[in-house]
Amino acid sequence: MAEAYELTVTEGLKAMEAGKLTAEAWVASCLERIRDREQTVQAWEYLDRDGALARARELDKGGDGGFVAGVPFAAKDIIDTADMPTAYGSPIHQGHRPGRDAGCVAITRAAGAVLLGKTVTTEFGHRYPGKTRNPFNPAHTPGGSSSGSAAAVGDKMIPLAYGTQTTGSVIRPAAFCGTVGYKPTYGDINNNGVMPNSPTLDTIGAIVRSVEDLALVRSVLLEEPATALKPPAVRDLKIGFYRSPFWNRAEGYAQSHLDDAAKRLSGMGAKIIDLDLPGIDADFEKLFRVISGFEFSRTVSWERFNRLNALSAVLREGRMKDGLEASYADYRQATRRLERLRLEADDVLDGYDVLITPSAPGEPPEGLKTTGNAIFNSIWTALGTPAVTLPLFEGPSGLPVGLQLVAGRFKDRQLFDIAAAVRKALG
């Protein structure tokens with residue numbers, strides 16, 4: 001068997017069921033990996049070594065474990081935890097201790113998973129980077145804002161970490177760190193206890209290393225029975241190739257990877273069709289800025305009025321400024337337009353099994369001052385559709401490049417099935 005820290009969620013659970021692994025051994029292996037690699041990757045904001053080991057020992061003794069009993073996991077540091085600090089990526093809230101766990105954390109713990117700690121986030125889940133490095137090359141960004149979650153999973157410190165996406169904060173860092181990332185249909189996973197950024201867009205997501213794990217994690221979070229994947233035959237798929245109005249922002253090699261993927265899938269019998277989405281044009285970025293900025297500037301009202309100088313210039317001069325310059329009339333006009341776009345996209349996506357599109361413009365950029373461009377993620381965040389990124393390609397520097405798969409709203413299970421088929425076909 002591989003080292004325990006290398007196991008996916010599903011692999012670890014199977015090893016435990018077979019009597020080849022204990023919860024304590026799994027947690028201890030992850031902690032050893034963190035000890036060896038954290039100085040380089042810097043994925044963790046807070047680590048509860050003793051508490052995690054104690055909980056794992058309880059589970060091994062026959063404690064109140066659920067169907068993911070013993071699985072080590074982490075939560076982005078804008079997700080509340082009652083027994084660990086939650087600082088929201090800001091020095092303003094350093095040492096803050098919430099009174100209870102966020103819903104996603106409480107549910108996952110109740111199902112038996114062991115929370116190891118909190119992973120680094122950008123400031124308030126926004127753009128100002130944290131300390132985390134890309135696990136494949138520490139001179140490159142891990143992406144953001146779920147930077148620590150993606151880097152920890154990508155570096156095999158942990159098999160599961162929760163993140164959040166308001167623009168591209170799960171899919172993009174997951175792609176940059178060579179993992180499988182999942183942004184659910186908007187509203188499917190309860191956001192209670194997660195610091196709001198833009199409530200019209202905020203979505204909890206999961207970062208793992210296999211599509212099978214995504215299906216299991218979704219079952220955990222929805223408190224429903226686990227459902228096995230049923231990958232369809234590639235030849236039966238109708239796939240939309242969505243380049244978007246922003247295709248020219250993708251690197252040439254990323255464009256080539258997607259073109260090649262489409263050709264290979266077509267060669268296996270899939271029906272590949274180029275498509276456009278109604279209303280998604282050059283003005284989309286302005287619409288997104290108005291909605292996200294207007295809401296975010298009100299979300300951080302206390303900090304804005306009381307600790308303005310402790311906020312980064314990136315935050316003050318970016319989304320906060322966008323929001324304060326937008327009127328309520330601008331905001332409501334934008335949200336009404338977004339409602340129409342979502343319904344129009346539903347109609348288009350009903351005609352396809354899945355769309356393929358870039359996860360990011362290319363491989364993770366060099367440097368740590370930016371987390372990368374989220375233009376290939378914000379469309380799906382705004383439309384509320386589920387999305388999965390698969391670690392299928394490499395860029396010219398040998399760093400990960402993902403393929404993003406998108407399905408219509410509320411078709412998350414179908415998306416997992418297709419993602420499994422596509423990963424097998426192209427992997």
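Residues numbered from 1 in each chain as written. Predicted model: local features only at pLDDT ≥ 70, side-chain atom pairs only at ≥ 80, totals over all residues. Heavy atoms only, no water.

*Asks:* Let's hear about the pattern of salt bridges: which residues, and what values?
*Replies:* One pass over the full model with this rule turns up 20 salt bridges. Among the salt bridges present, the one from Arg33 reaches Asp155, with a minimum N-O distance of 3.5 Å. Taken together, the residues Arg33 in helix 2 (residues 23-41) and Asp155 in the loop between helix 5 (147-154) and strand 4 (160-165) connect sequence positions 122 residues apart. Each member of the pair, Arg33 together with Asp155, is buried. Ionic pairing is found between Arg249 and Glu285, a salt bridge with its closest N-O pair at 2.7 Å. With Arg249 in the loop between strand 7 (238-241) and helix 8 (252-267) and Glu285 in helix 9 (residues 284-299), the pair connects residues that are 36 residues apart, well separated along the chain. Residue classification places Glu285 among the partly exposed positions, given a relative accessible area of 23%. Taken together, the shared-partner salt bridges connect Glu32, Arg35 and Asp36 into one network. (Salt bridge = Lys/Arg side-chain N within 4 Å of Asp/Glu carboxyl O. Helix = DSSP H or I, 4+ residues; strand = E, 2+ residues; numbered from the N terminus. Buried < 20%, exposed > 50% of the residue type's maximum accessible area, 1.4 Å probe, protein only.)

*Asks:* How would you sum up unusual backbone geometry? Please name residues and give values.
*Replies:* Residues other than glycine predominantly adopt negative phi, and peptide bonds predominantly adopt the trans conformation. Cis geometry is found at the peptide bond from Gly144 to Ser145, where omega equals 10 degrees. Topologically, Ser145 is positioned in the loop between strand 3 (114-119) and helix 5. Even without a glycine there, the phi angle at Ser244 is positive, about 75 degrees. Checked against the element boundaries, Ser244 lands in the loop between strand 7 and helix 8. A positive phi angle, near 70 degrees, is found at Phe410, a position not held by glycine.

*Asks:* Break down the pairing of strand 11 (residues 400-406) for me, citing the residues and quoting the values.
*Replies:* Counting buried positions along strand 11 gives seven out of seven residues, so the element sits mostly inside the fold. Here four bridges tie strand 9 (residues 354-358) to strand 11, and the two strands are oriented antiparallel to one another. In the sheet register, Pro358 faces strand 11, and the bridge partner there is Leu403. As judged from the six bridges shared by strand 10 (residues 387-394) and strand 11, these two strands associate in the antiparallel manner. For Thr389, the partnering residue across the bridge sits in strand 11 and is Gln404. What sits between the antiparallel neighbours strand 10 and strand 11 is a turn of five residues, in which Gly398 has the positive phi angle 80 degrees. (Pairing = 2+ DSSP bridges.)

*Asks:* Go over the packing of helix 2 against helix 3 (residues 49-60) with me, naming the residues and quoting the values.
*Replies:* Between helix 2 and helix 3, the least distance of the axes is 7 Å, while the angle of their chain directions is 160 degrees. Taken together, the axes of helix 2 and helix 3 are roughly antiparallel relative to one another. Two packed elements cross with a definite hand, and for helix 2 against helix 3 that hand is right-handed. For the pair helix 2 and helix 3, contact is made by Ala23, Glu24, Val27, Ala28, Leu31, Ile34 and Arg35 and by Arg49, Ala52, Leu53, Ala56, Arg57, Leu59 and Asp60, respectively. (Axes fitted to C-alpha atoms, helices over the stretch in contact; angles between N-to-C directions. Parallel < 35°, antiparallel > 145°, perpendicular 65-115°, else oblique. Left-handed = near helix turned anticlockwise from the far one by under 90°. Contact = heavy atoms within 4.5 Å.)

*Asks:* Any details on the packing of aromatic side chains? Residues and values, ideally.
*Replies:* A full pass over the atoms with the stated rule returns eight aromatic pairs. When the centroid spacing of 4.8 Å and the interplanar angle of 75 degrees are considered together, the rings of Tyr182 and Phe416 count as edge-to-face. Of this pair, Tyr182 sits in strand 5 (residues 180-183) while Phe416 sits in helix 15 (residues 412-426), and the two are 234 residues apart along the sequence. We classify Tyr182 as buried; its relative accessible area is 3%. (Phe/Tyr/Trp six-rings, centres within 6.5 Å; stacked < 30°, edge-to-face > 60°.)

*Asks:* If you had to explain the packing of helix 13 (residues 328-349) against helix 14 (residues 375-383) to someone new, which residues and values would you point to?
*Replies:* At a minimum axis distance of 9 Å, the contact between helix 13 and helix 14 shows a crossing angle of 95 degrees. Here helix 14 runs roughly perpendicular to helix 13, going by the angle between their axes. Between helix 13, through Leu338, Leu341, Arg342 and Ala345, and helix 14, the contact on the second element is made entirely by Thr381, Ala382 and Leu383. Considering only residue class, the contact of helix 13 with helix 14 consists of five nonpolar, one polar and one charged. (Nonpolar A, V, L, I, M, F, W, Y, C, P; charged D, E, K, R; others polar.)

*Asks:* Quick one: what's the story with the environment of Asp417, residue by residue and with numbers?
*Replies:* Checked against the element boundaries, Asp417 lands in helix 15. Counting along the chain gives 205 residues from Asp417 to Glu212, while the straight-line C-alpha distance between them is 8.9 Å.

*Asks:* Tell me about the side chain of Arg409, and please be specific about residues and values.
*Replies:* Within the secondary structure, Arg409 sits in the loop between strand 11 and helix 15. A distance of 2.5 Å separates polar atoms of two side chains, one belonging to Arg409 and the other to Asp346. Every residue in contact with Arg409, bar those within four places of it in the chain, is listed here: Thr185, Arg342, Leu343, Asp346, Leu383, Gly384, Thr385 and Pro386. (Polar contact = N/O pair within 3.5 Å; in protein donor to acceptor, adjacent residues only side chain to side chain.)

*Asks:* Outline the pairing of strand 5, supporting the account with residue identities and numerical values.
*Replies:* Because side chains alternate across strand 5, one face comprises the buried residues Val180 and Tyr182, and the other comprises Gly181 and Lys183, equally buried. In the sheet, strand 5 pairs with strand 6 (residues 203-208) via three bridges, with the strands oriented antiparallel. Paired with Tyr182 across the bridge in strand 6 is Ala206. In terms of strand pairing, strand 5 meets strand 10 through three bridges, oriented antiparallel. Its bridge partner lying in strand 10, Lys183 is registered against Ala387.

*Asks:* Which residues make up the sheet that holds strand 3, and what are the values?
*Replies:* Pairing within the open sheet is mixed, and its eleven strands lie in the order 1-3-2-4-6-5-10-11-9-7-8. Among the strands making up the open sheet, the edge pair consists of strand 1 (44-47) and strand 8 (271-274). On average, each strand axis in the sheet is tilted by 30 degrees relative to the strand beside it, whichever way the strands run. Of the strand pairs in this sheet, strand 7 and strand 9 are connected by three bridges, and their pairing is parallel. Residue pairing in the sheet places Ile239 in a bridge with Val354 of strand 9. Where helix 2 meets the sheet, it contacts strand 1, strand 2 (72-76) and strand 3, and its direction lies at approximately 20 degrees from that of strand 3. Across the sheet, helix 5 is in contact with strand 1, strand 2, strand 3, strand 4 and strand 6; its angle to strand 4 comes to roughly 150 degrees.

Bear in mind that shape data such as this cannot, by itself, settle questions of function.
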